Amino acid sequence: MGEHAGIRVVHRSGSKLNFRPPVITNDSKFLLCASGECVKVFSTSTEECIHNLRGHTDLVTGVHLNPCNHLQAYSCSTDGTLRLWDFMDGILIKRMCNGSVCVCTEVFQLLALHLPQSGDQTVEASQLSVVLEDVSSNPAAVSLGRGGEYIASIKCLQLEVFFFKKQKSYRLFLKVDNKKGAKNTFTCVTCHPKDDCIATGHEDGKIRLWRNFNHKKEYTYTTLHWHHSAVASLCFTPEGTNLLSGGVESVLVQWKYRENQRDFLPRLGASITHVAVSPDGALFCCSHSDNKITIIQNCVNVSAVIQGLVRGESARTDLMVDPRTKCLVLNGNPGHLQFYSLQRDKLLYNLDIVQQEFIHELGLQQFEVVNAAFDGPGNWLATVEERRRKAAELELNLKLWAFDEQTQSFVLNTTIVAPHDSQVTDLCFCRASDSQTTLLVSASKDGHFKAWQLAAQTEGPSWSCDFVGAYRGLVPECCCFSADGSLLAVSFQEVVTVWSPGSWELLTTLSQPPKSIRNLCFGRLSCSKYLVGTAGHNLLCCWNLLTCSLEWSTSMEVTLLLADPHSDNMAAFCSRGINMSLTHQIRFSLLSSVFVFKPSEPRPLFSHKAVCSGKVSRAVFAPREEMLESCEESSQWLNRSQLCFLTQNMDLMTFTTETEEEKLMASSKQLVIDDSVAMTPFYLLLGKHRCQTLEMRDKESSWGSAERTPLPKGSVAVKELLQTPAHVLPPTSVLCAMFVESLLVSVTDSRSPEEEEMEGENEEDSEENVALRAEPAPLGREMVDSAPLTKAQTRELRRLVKLDHGWFSDLLDS
């Protein structure tokens, strides 16, 4: 079955915040950063995400403020488009201004792109010119000079400066190393905003300040050195009085320009990848390797921390979902598990598992969390931590954590030191039919699997070993329980053993075909009689547990197999190698694909080739808060759950449907509607209540609505006050008098000139008209039969009132 065009692989919740340098707005109130396929707008004071600027269909690669309007920002993406946003209101600008921007293409050329004036949201670039050839793919390797007169580019051991007016470039070179063996490779560059000075960072931790670079033989540079490793980022303050630098030391260094002084802000928590400064110089900003952004005020105080999904070098535990909070759970900071909300796209909290201080020292072996598992209701969490010593001695701890209702977190209940003699290969919980029986199984390379039983004691519940199982001296690789907890499957190399947890009797063995079993998953719901596993590196097998025979098998290089707990679907990630031709070189690369299927049918429900590069070894089905109710059969497997997976580069990816995309786009464009309706934030706050009020009025009877006095029309001053964006309103003192006057009731007659002409100008007629308007309806007629008079009828009635009726009194006297 081929790929389905209605489903895409996207970056969603948990995307990187440190992919590109963040941007601070002119008033230092907001921070913009590229995150997956959108641009996130954060408040620098509350750390909350104000807007998600959605519109790009691929990874956003850069964000820059519009130099002509400080309330707008440009964004560029690998989808080949640039977009201009009003980040205050969170909407896409329909009319793009003239300007020139620089972008890097896939062939690493620096291009000047002219944006013509147009009303379209996406403008096709017709004027392109090459500025520099053969530039680095790192954005930190390019910087604009003073007043935009020149641009500096670094690559390997070369510094190139291109002057726009002269259309001439100068190249400066360094040797591979100096006499002391230091490495001179360039790592980052930035230009002074006021002087002709270029600062470059190097792999050996040195910083060079270049001057007179428009002369090949007369250039000079001075050297600054504090970092012991490569300089990751450099940035001048707006006035150029200070130079900021950061690296793996987690220390922000502030160098005084033209002075031999420096200040430090240490212990920022993780390696610094980017440094940025607000246009007014009030705030500093650092991006860190753990997907964190630190906002620094007054050069010394950390005022806010924006934490995304914590990213380490690798994920040792599986991707899990907390049954209680529906959070994504995996390795976070060293020795911790992080609980990340995919719905809110926010880190909720970190759970300290190791409970020891982490020491940042290269080569030091420390405890790591390598396995974790939740029970069904989320009452218990099991973790395994290990540490290897230099003498190949392995230390293991199995910890059981109970959920505390008061603290709404997990509390350590039982610690089992050395639960196995060798490394733990798998860990899984079973929730049996008896609600008071909880069972945990751990498999190890020591050739045994152990069952740990929860028992109630006088001092409280605790865990102890209930059974130790083995099979012919083979090593158990993986284990899993059936959905009802009646069966336990444990793979011993090429043999699958099926056990009864009630009596610990070996029920049967499955050994076809003779290859090492690496993954096992029981079917669910209508497919509960099937057991699916991967044999070797190129075989996917399905066994029928009723007949204890192989139901079907297919040749497939499966790297990961997982089951959806909310349906009877399964997903298999596969990898295949291809040869790629790039710049006359043949490069071997791995691409991963995904297949979604039901165990009862080998034909896949969905397939997607080349979802990412490299192998996928971590994935999970995360439940949705609301069902999508997709009509297309090919995407119904995503209605209840969303499939999330980690790439080799630790990018969290997921699958999305057209229905979900349209829903997200509609929510982000809710301010862009008909001009006759003022969709202000105040309206969004009270709009639902207003709609409900109108519906109640429509349901009322007509007599009730007829006797109700119509509400006064809204004041023009009040409408302008509510429709005008808050950031452009004048001070409150100016608005106060206008607002109070708008609330006063006018005593002037608001009748039309035609009505005034028909009425006349004498006071008696006015009194008669008032009396006529105030005359009650006849008592013998119901209000439901009365209808409002038209203008013509009203004029005729007033004309009759003005006539002389004296002749009628004479008739009465006679």
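Fair warning: this is a prediction, and the values are worked out from it, not measured in the lab. Here, residues in each chain are numbered from 1, in the same order as that chain's written sequence. In keeping with the model being predicted, local features are shown solely for residues with a pLDDT of at least 70 and side-chain atom pairs are shown and tallied solely at 80 or more, while totals for entire chains, interfaces and linings include all residues. Side-chain measures were taken over the full set of non-hydrogen atoms in the model, leaving aside hydrogen atoms and water.

Just checking my understanding: could you explain the sheet that holds strand β8 (residues 82-86) for this structure?
One open sheet accounts for 4 strands, arranged β6-β7-β8-β9; its pairing is antiparallel. Strand pairing shows two members of the sheet lacking a second neighbour, β6 (60-65) and β9 (91-92), which therefore form its edges. Judged from the 2 bridges that link them, β8 and β9 form a sheet pairing that is antiparallel. Along β9, the bridge assignment pairs W85 with L92. DSSP calls a pair of strands paired once it identifies at least 2 bridges connecting them. Numbered from the N terminus, helices here are DSSP runs of H or I no shorter than four residues, and strands are runs of E no shorter than two.

So what exactly am I meant to see when it comes to the state of the cysteines here?
Working definition of a disulfide: a covalent bond connecting the sulfur atoms of two cysteines. Criterion for a disulfide: a pair of cysteine sulfur atoms within 2.5 Å. Scanning the entire structure with this criterion turns up 0 disulfides. Of the cysteine sulfurs around C33, a residue in no disulfide, the closest is that of C49, at 8.0 Å.

Even after reading the chapter, I still don't get the side chain of D204, so can you show me in this structure?
Mapping D204 onto the fold places it in the loop between β18 (198-202) and β19 (206-211). Among the polar contacts listed, one links the side chain of D204 to the backbone nitrogen of K206, at a separation of 3.1 Å. Side-chain atoms alone can form a polar contact between residues adjacent in sequence; in general such a contact is a pair of N or O atoms within 3.5 Å, and within protein one must be able to donate a hydrogen while the other accepts it.

Please clarify how the confidence of the model for the protein chain should be interpreted in this entry.
Parts of the model with low pLDDT should not have their predicted coordinates read in detail. Scored from 0 to 100, pLDDT reflects the predictor's confidence in each residue. Per-residue pLDDT for the protein chain has a mean of 81; in total, 78% of the residues score no lower than 70. Under a pLDDT of 50 for its full length, residues 670-679 has, in the predicted model, 13 contacts with residues more than four places off or in other chains. Working rule for contacts: check all heavy atoms of both residues, and any pair within 4.5 Å makes them a contact. Here residues 700-713 is modelled with pLDDT under 50, and outside its nearest four sequence neighbours on either side it reaches 3 contacts, counting other chains as well.

Help me understand the sheet that holds strand β36 (residues 409-417) in this model?
Hydrogen bonds between backbone groups are what pair the strands of a sheet, and the pairing can be parallel or antiparallel. Ordered in space as β33-β34-β35-β36, the 4 strands form an open sheet in which the pairing is antiparallel. Among the strands making up the open sheet, the edge pair consists of β33 (368-374) and β36. Strand-to-strand twist across the sheet, computed as the mean angle between neighbouring axes with direction ignored, equals 25°. Pairing analysis gives 6 bridges linking β33 to strand β34 (residues 380-388), with the strands arranged antiparallel. In this description, a line fitted to the C-alpha atoms serves as the axis of each element, helices being fitted only across the stretch in contact, and the angle between N-to-C directions of two axes falls anywhere from 0 to 180 degrees.

It is not clear to me how the environment of Q356 should be interpreted in this structure. Could you clarify?
Examined against the element boundaries, Q356 turns out to sit in the loop between β32 (346-352) and β33. Sequence separation between Q356 and P334 is 22 residues, and the spatial gap between their C-alpha atoms is 9.8 Å.

Please explain the pattern of salt bridges as it appears in this structure.
Pairing between side chains of opposite charge can happen when the charged atoms of each approach one another. Just to be clear on terms, a salt bridge is a Lys or Arg side-chain nitrogen sitting within 4 Å of an Asp or Glu carboxyl oxygen. For the structure shown, the criterion picks out 19 salt bridges. Two residues, D345 and K40, come together in a salt bridge whose shortest N-O distance is 2.7 Å. Here the residue D345 occupies a position in the loop between β31 (336-341) and β32, and K40 occupies one in strand β4 (residues 38-43), the gap between them amounting to 305 residues. Linking E368 and R316 is a salt bridge whose minimum nitrogen-to-oxygen distance equals 3.5 Å. Taken together, the residues span a long stretch of sequence, with E368 in strand β33 and R316 in the loop between β28 (301-307) and β29 (320-321) at a distance of 52 residues. Only protein chains enter the calculation, and the probe is 1.4 Å; a residue is then buried if its accessible area is under 20% of its type maximum, exposed if over 50%, and partly exposed in between. Owing to a relative accessible area of 29%, R316 belongs among the partly exposed residues under this scheme.

Sorry, what's going on with the nonpolar core here?
Nonpolar side chains in soluble globular proteins tend to end up buried together. Throughout, nonpolar core names a set of buried Ala, Val, Leu, Ile, Met, Phe, Trp, Tyr and Cys residues whose side chains join them through atoms within 4.5 Å. Core analysis: the largest hydrophobic core is formed by 20 residues, its most contacted members being L562, F573, W637, L643, F645 and F655. Among the elements of the structure, β1 (7-11), β49 (558-563), β50 (570-582), β51 (585-598), β52 (601-613), β53 (618-623), β54 (641-646) and β55 (652-657) are those that each provide at least two residues to this core. The dominant element in this core, judged by the number of residues it contributes, is β52, at 3 residues.

Sorry if this is basic, but what is going on with the UniProt feature "domain: C2H2-type" (unreviewed entry) in the protein chain here?
UniProt positions are given in the numbering used here, feature names are shortened, and annotations may be inferred rather than shown by experiment. UniProt records the feature "domain: C2H2-type" (unreviewed entry) at residues 33-56, using the numbering of this structure. Along residues 33-56 one finds 0% helix and 62% strand; the C-alpha atoms at either end are 14 Å apart.

So what exactly am I meant to see when it comes to the pairing of strand β46 (residues 530-535) here?
Each regular strand shows side chains that alternate between the opposite faces of the sheet. When you tally the buried positions in β46, you get 6 out of 6 residues, the bulk of the element. Alternating residues of β46 divide into Y530, V532 and T534 and L531, G533 and A535, and every residue in both groups is buried. Here 5 bridges tie strand β45 (residues 517-522) to β46, and the two strands are oriented antiparallel to one another. The partner of F522 across the bridge, within β46, is L531.

Can you help me understand a nonpolar patch on the surface in this one?
Residues qualify for a patch when their relative accessible area is over 30% and they have no salt bridge, like charges being joined within 9 Å and the nonpolar side chains of Val, Leu, Ile, Met, Phe, Trp and Tyr within 5 Å. Accessible areas in this description were obtained via Shrake-Rupley with a 1.4 Å probe; residue shielding takes into account the shown protein chains only. Taken together, F739, V740 and L743 make up a surface patch of nonpolar side chains, about 270 Å² in accessible area. Residue placement: L743 occurs in helix α5 (residues 732-743).

How should the pairing of strand β38 (residues 438-444) be read in this particular structure?
Within β38, 7 of the 7 residues are buried, which leaves it mostly tucked inside the rest of the structure. Burial along β38 is two-sided: the face carrying T438, L440, S442 and S444 and the face carrying L439, V441 and A443 are both buried. Taken together, the 5 bridges between β38 and strand β39 (residues 449-455) define a ladder with antiparallel strand orientation. Bridge pairing links L439 to Q453 in β39. Taking the residues that link successive antiparallel strands as the turn, the β38-β39 hairpin has 4 residues, and the phi of G447 there is positive, at about 95°.

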